[in-house]
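Next come the chains, spelled out residue by residue.
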Amino acid sequence: MENSARFPNRLIQIKEGIIGPANPKKRRLYLKDIGDYPSVPQAFLDVAQNYADSKLRGHGLCDELMELIQHIFTEEEAMVCRHLKPGVWDLSPKEIGKRENRPETEVRDILDRLAKEKRIIMRLGESPQCIYFAIPIVPGAFETVLAHTSKEHLMPWHLKFAELFENLFNAGYTADKNDTPANKSVIRYLPVNKLVENYPSALPADKLESIFEPFGESLAITLCQCRMTMDIVEQGCERPLEVCTVMGPMAEQSIRDGRSRRVEIKELLEIKAKSEAAGLVTWTMNVDPAKSSSTSCSCCGCCCHYMRKVSEFSMPAAIYPPKFLPVFNAALCTSCGQCALACPMGAIEVDTKQKTFKHDKSRCIGCGQCVVNCTKTYAISMDAAIGYEEPPFMGFGGIGEL
């Protein structure tokens, strides 16, 4: 199909007539101790230890993390930021100033720069009562640092940040056992919208319009940080970039900060339709729109770090089980392999010579891209997954009112 030819997934390989997922990478992560960095100033070591902590979704110290930390912060910034320990929310600039023997105003200026300009930490409230706290590298700082409305806004500092983050990811830093059960996940992928419209078992909550409507005018769009990063490291896939959606109070804050632009629901639905036509799949969050902000993005299997955790490293990700699954009609199948080429998760393998196919349900997110790409014989359809339970609303980690 045209989409598959125009937007190839570099993680799907064609070898000896077999179309399917490439072999998974091996983690090349080498964890180290603080003593392995005798020449690194103590402030950087302290900050790196904070980010290596599991409370900030860290996985220990390594060269890639240390290099990223030394790029993100100046030594002066690190001396202040090291006091933002994982889980600490109530440490004031005044207290940090006492510990560092610096004026409160200087400390506050540094924290504001980190929160407003570099966007590496979070700030809640207004001065002088506002609080500052650290967020994980991912998900968290990776998104806030790179969320922009145009690639032209990226400075050399951002480009280097993206490059060093990709080095950290490629080492397998985020590829680890997920401690969140799938049925407790706040993330779920949606079937392609035009498929949902034809399924009687689909609920309004499965349709993009019904997901966006409760947020009224508080809708914003920004560039996908994953595909932007892969563009920077020259591995981009040329799919649409302006697809990352923010909803609710967080959208208003993002618009004020210049990280996103406001959109009306009609334009947003048009953007999502074009994204799906380019082979992208949409995820959203299982949150109560009356109580929390939400986010949504349209992902590709070759750039999305969340998907690549599964497809590149064969590591689980906390994704809510799909409501619909593909059904394959062997009698109609010609083994053309378009379904395997279109699958963003590498959940399908087709042997074009032996005329066989395999479907890995453990990888399938029920997006339906295999269905819309099976245009020769329509050998694939979607059906409701047996035993599926509608996801309950989950918390958003307290970030819903930023």
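A few points on the structure. For clarity, every value in this text was computed on a predicted model and none was experimentally measured.

Thresholds, definitions, all that
- Residues numbered from 1 in each chain as written.
- Predicted model: local features only at pLDDT ≥ 70, side-chain atom pairs only at ≥ 80, totals over all residues.
- Heavy atoms only, no water.
- Helix = DSSP H or I, 4+ residues; strand = E, 2+ residues; numbered from the N terminus.
- Rg over C-alpha atoms; globule rule 2.2 N^0.38 Å.
- Buried < 20%, exposed > 50% of the residue type's maximum accessible area, 1.4 Å probe, protein only.
- Areas by Shrake-Rupley, 256 points an atom, 1.4 Å probe, with all protein chains shown as cover.
- Lys, Arg positive; Asp, Glu negative; His and termini not counted.
- Charge placed at Lys NZ, Arg CZ, Asp CG, Glu CD.
- Salt bridge = Lys/Arg side-chain N within 4 Å of Asp/Glu carboxyl O.
- Axes fitted to C-alpha atoms, helices over the stretch in contact; angles between N-to-C directions.
- Parallel < 35°, antiparallel > 145°, perpendicular 65-115°, else oblique.
- Left-handed = near helix turned anticlockwise from the far one by under 90°.
- Contact = heavy atoms within 4.5 Å.
- Pairing = 2+ DSSP bridges.
- 1 Å grid on protein atoms, 1.4 Å probe; cavity = no way out; pocket = protein on both sides within 12 Å on 5 of 7 lines; lining within 4 Å.
- Points joined across faces, edges and corners; volume = space filled by probe spheres on them.
- Nonpolar A, V, L, I, M, F, W, Y, C, P; charged D, E, K, R; others polar.

Considerations on the overall build of the chain
A tally of regular secondary structure across the chain gives 16 helices and 14 strands. Relative to a compact globule of 402 residues, whose C-alpha radius of gyration would be 21 Å, the chain shows 22 Å and is just as compact. Judged by the C-alpha coordinates and their principal axes, the chain covers about 75 × 45 × 40 Å. Counting only residues that meet the buried cut, the chain has 54% of its 402 residues in that class. Of the roughly 18,700 Å² of accessible surface on the chain, 52% is carried by carbon and sulfur atoms. The average position of the 48 basic charges and that of the 51 acidic charges among the side chains of the chain differ by 4 Å.

Digging into the pattern of salt bridges
For the structure on display, the rule yields 23 salt bridges. Through salt bridges with shared partners, a single network forms among Glu-76, Glu-77, Arg-102, Glu-106, Arg-113 and Lys-118.

Some thoughts on the packing of helix α2 (residues 42-52) against helix α3 (residues 63-72)
Relative orientation of the contacting elements α2 and α3 amounts to 120 degrees, with a least axis distance of 10 Å. Taken as axis vectors, α2 and α3 run oblique relative to one another. When the axes of α2 and α3 are compared, the crossing they make is right-handed. On α3, the residues touching Phe-44, Leu-45, Val-47, Ala-48, Tyr-51 and Ala-52 of α2 are Leu-65, Met-66, Ile-69 and Gln-70.

Examining the sheet that holds strand β1 (residues 12-15)
If you walk across this open sheet you meet the four strands as β1-β2-β12-β13, and the pairing is antiparallel. The two strands at the open ends of the sheet, each matched to only one other strand, are β1 and β13 (356-359). Within the sheet, the average angular offset between the axes of one strand and its neighbour, ignoring direction, is 15 degrees. With four bridges joining them, strand β12 (residues 348-351) and β13 adopt antiparallel strand pairing. Pairing of Ile-348 across the sheet is with His-359, part of β13.

Focus: the environment of Ala-220
Topologically, Ala-220 is positioned in strand β6 (residues 219-223). Residue class for Ala-220 comes out buried when judged on its relative accessible area of 0%. C-alpha separation for the pair Ala-220 and Phe-313, spaced 93 residues apart in sequence, amounts to 32 Å. Apart from the residues within four sequence positions on either side, Ala-220 is in contact with Cys-244, Thr-245, Val-246, Ala-251, Ile-255, Ser-260, Arg-261, Arg-262 and Val-263.

Quick look at empty space enclosed by the protein
In this structure the tally under the stated criterion is six cavities of 30 Å³ or more. Of the voids in this model, the largest cavity is the one considered here, and its volume is about 150 Å³. Lining the largest cavity are 17 residues, with Cys-333, Cys-339, Cys-374, Ala-379 and Ile-380 positioned closest to its centre. By residue class, the composition of the lining of the largest cavity is nine nonpolar, seven polar and one charged.

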